[in-house]
Amino acid sequence: MSRKRKTQTTGSEKSQKAAKTALYWLVLNLGMLLLAAGVYFFKAPNNFATGGVSGISIIISKYVTPLVPWLSQTIIMNAINVLLLIVGFIFLGKGCTFKTVYCCLVYNLEMFLMGLIIPTESLPLTATATLPEGQKFLEFMLAMLLTGAGSAIIFNCGASSGGTDIIALILKKFTKVPIGYALFFSDVLIASSTFFIFDVTTGLFSVLGLFIKAFLVDSVIESIGKSKYVTIITSHPELISPFILNTIHRGFTLFEAEGGFTHEKKTVMITVLKRGEALKLKMKIHDVDREAFVILTDAKEILGKGFRTTIN
């Protein structure tokens, strides 16, 4: 009987693990798609060079594409990404992870396919006969939202789209240069150069976009990773604990306490849950123990099993 139950539990754990893995890759690919769409449809056509490989390729294409029409910004960016991947393999070896290679290749492929569906000649998307340059502010907002959200999703999955991140990894391996400052400084140089290469308006959009994207990425990452710290004060822990353990598949800590006013004996249960899990638990407690006192607070960073296991 125990063996059969153990086999059923193992099968359930495997199916849950497979579902989590499938969801992980689905979310990662969604992030890649948002990033590619933001760059191809909105950043590149308007020359919003906010840094990174996309910014470098926008600047290079300004001078190269008029001389060699088939060498578009997308092709230049793909070539730089592939070159950086090769450099990454040479200097980093296993440090250039499978996720980085996968994201870089998918990113390049998506950009190429978008070019087949909607050629660059049809961009910007908001362009009309009376406004050939399109609605620049609208395009700018869409560029920042899509690339910011896409980058945040990718980072939250513990992956990278390659590009200048590979340079950062190489610098980290061989120097003591603070990587965050080095990358930010290079992005500022790229964005600032658009004042001279394009025009003042494009330069202002590029510099503004650099800072907006930085704040947007941080905000989205924080929102995605936010969990709930749940404190439950109850007289019936036996009605709540099976739901936490067997349905939500989380652990909890409990201890006995005494009411300060009534001196009634209570049990305090503490657990940390994802937001969706916290909502399910709140509804369950409402059904089985309406006398329970429940406190939910935001937990921005959690280290431990089931959550983050490394210190950033």
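This text follows the structure it describes.
Residues numbered from 1 in each chain as written. Predicted model: local features only at pLDDT ≥ 70, side-chain atom pairs only at ≥ 80, totals over all residues. Heavy atoms only, no water.

Focus on the overall build of the chain
- Along the backbone of the chain there are 10 helices and four strands.
- Ordered by position in the sequence, the α and β elements of the chain form the string α-α-α-α-α-α-α-α-β-α-β-β-α-β.
- At a minimum sequence separation of 6, the contacts of the chain that also span at least 24 residues come to 71%. (Helix = DSSP H or I, 4+ residues; strand = E, 2+ residues; numbered from the N terminus. Contact = heavy atoms within 4.5 Å.)

Describing the nonpolar core
- With 33 residues, the main nonpolar core has Phe41, Tyr107 and Met111 as its most contacted residues.
- At the level of elements, α1 (2-43), α3 (73-92), α4 (98-117), α5 (136-156) and α6 (164-174) are the ones that each hand at least two residues to this core.
- The biggest single contributor to this core is α1, with nine residues.
- Once residues within four sequence positions are removed from consideration, Phe41 is found in contact with Met114, Ile118, Leu123, Leu125 and Glu139.
- Among the nonpolar cores identified, the runner-up in size contains 12 residues, and Val230, Met269, Ala278 and Leu281 belong to it. (Core = buried A, V, L, I, M, F, W, Y, C linked by side-chain atoms within 4.5 Å. Buried < 20%, exposed > 50% of the residue type's maximum accessible area, 1.4 Å probe, protein only.)

Thoughts on the side chain of Asp187
- With respect to the element layout, Asp187 can be found in helix α7 (residues 179-197).
- There is no salt bridge for the buried Asp187, and the closest opposite charge comes from Lys213, which lies 7.2 Å off by N-O distance.
- A distance of 3.0 Å separates a polar atom in the side chain of Asp187 from the backbone nitrogen of Gly52.
- Contacts of Asp187, omitting those with residues within four sequence positions, involve Thr50, Gly51, Gly52 and Leu210. (Lys, Arg positive; Asp, Glu negative; His and termini not counted. Salt bridge = Lys/Arg side-chain N within 4 Å of Asp/Glu carboxyl O. Polar contact = N/O pair within 3.5 Å; in protein donor to acceptor, adjacent residues only side chain to side chain.)

Notes on a nonpolar patch on the surface
- Among the surface-exposed residues, Val82, Ile86, Ile90, Phe91 and Phe174 lie close enough to one another that they form a single nonpolar patch of about 500 Å² accessible area.
- Of all the elements, α3 adds the most residues to the nonpolar patch, at four residues.
- Along the chain, Val82 turns up in helix α3.
- Its relative accessible area of 38% is what places Val82 among the partly exposed residues. (Patch = residues over 30% accessible without salt bridge, like charges linked within 9 Å, V, L, I, M, F, W, Y side chains within 5 Å. Areas by Shrake-Rupley, 256 points an atom, 1.4 Å probe, with all protein chains shown as cover.)

Focus on the state of the cysteines
- Taken as a whole and judged by the stated rule, the model has zero disulfides.
- Free cysteine: Cys103, not disulfide-bonded; nearest cysteine sulfur from Cys157 at 8.1 Å.
- Taking relative accessible area as the criterion, Cys103 reaches 0% and is therefore assigned buried.
- We classify Cys157 as buried; its relative accessible area is 10%. (Disulfide = S-S within 2.5 Å.)

Note that every value here comes from positions in space, so none of it alone points to a role or purpose.
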